[in-house]
Amino acid sequence: MAQLNSKIKFYLEDQGKVFKDEELNFSLRDNSDGNGNFIDTWNVDGIDKPTDEQLSAFETQADDWEANGPTPNDLKASAKAKLIAGEPLTAEEADIIVL
């Protein structure tokens, strides 16, 4: 099962938004009641808070992305190699070394 954050990523991209630009415009919360994460606040301009049904439409896409995307260690290694070679980093590589 895909993480809620991953499904939100694809929902936002489907709506024409850039996930990285919107990450601070919503927050997730887990009440530790066994029901998992939920959207606590939603302040994405021009887009309504997604319903569970809307997010479930991105389950497969988010699962695939989580399973096949680069790991943090892959991104760190790639960023290091590019920095040594004087090459530009991708946004993901820059994020992993800054965070």
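Caption draft 1: Inspection of the overall build of the protein at higher detail. A tally of helices and strands in the protein yields 6 helices and 2 strands. Seen in sequence order, the protein has helices and strands lined up from the N terminus as α-α-β-β-α-α-α-α. For the C-alpha atoms alone, the extent of the protein along its principal axes is close to 45 × 30 × 25 Å. For the protein, buried positions account for 25% of its 99 residues. Counting only contacts in the protein whose residues sit at least 6 apart along the sequence, the fraction spanning at least 24 positions is 45%. Across the protein, the centroid of the 9 positively charged side chains sits 6 Å from that of the 21 negatively charged ones.

Caption draft 2: Summary view of the nonpolar core. Of all hydrophobic cores here, the largest spans 15 residues; its most connected members are I8, Y11, L12 and W42. Among the elements of the structure, α1 (4-14) and β2 (37-42) are those that each provide at least two residues to this core. Top contributing element to this core by residue count: α1, with 5 residues. The contact partners of I8, leaving out residues within four places of it in the chain, are F19, F26, L28, I39, W42 and L55.

Caption draft 3: Structural detail: unusual backbone geometry. Positive phi is not limited to glycine here, since S32 has a value of about 55 degrees. Turning to its location among the elements, S32 is positioned in the loop between β1 (26-30) and β2.

Caption draft 4: Broad picture of the pattern of salt bridges. Scanning the model with the defined rule gives 7 salt bridges in all. Residue E59 is joined to K7 by a salt bridge in which the shortest nitrogen-to-oxygen separation is 3.0 Å. One end of the pair, E59, is in helix α4 (residues 59-68); the other, K7, is in helix α1, with 52 residues separating them in the sequence. The two residues E59 and K7 agree in class, both being buried. Between K9 and E13 there is a salt bridge; the shortest N-O distance is 2.6 Å.

Caption draft 5: Seen up close, the pairing of β2. Pairing geometry for β1 and β2, over 5 bridges, is antiparallel. Across the sheet, S27 pairs through a bridge with T41, a residue of β2. Counted along the chain from β1 to the antiparallel partner β2, the turn is 6 residues long, and its residue S32 has a positive phi close to 55 degrees.

Parameters at a glance
Residues numbered from 1 in each chain as written. Predicted model: local features only at pLDDT ≥ 70, side-chain atom pairs only at ≥ 80, totals over all residues. Heavy atoms only, no water. Helix = DSSP H or I, 4+ residues; strand = E, 2+ residues; numbered from the N terminus. Buried < 20%, exposed > 50% of the residue type's maximum accessible area, 1.4 Å probe, protein only. Contact = heavy atoms within 4.5 Å. Lys, Arg positive; Asp, Glu negative; His and termini not counted. Charge placed at Lys NZ, Arg CZ, Asp CG, Glu CD. Core = buried A, V, L, I, M, F, W, Y, C linked by side-chain atoms within 4.5 Å. Salt bridge = Lys/Arg side-chain N within 4 Å of Asp/Glu carboxyl O. Pairing = 2+ DSSP bridges.

Such coordinate-based values are descriptive only and should not be taken to indicate function.
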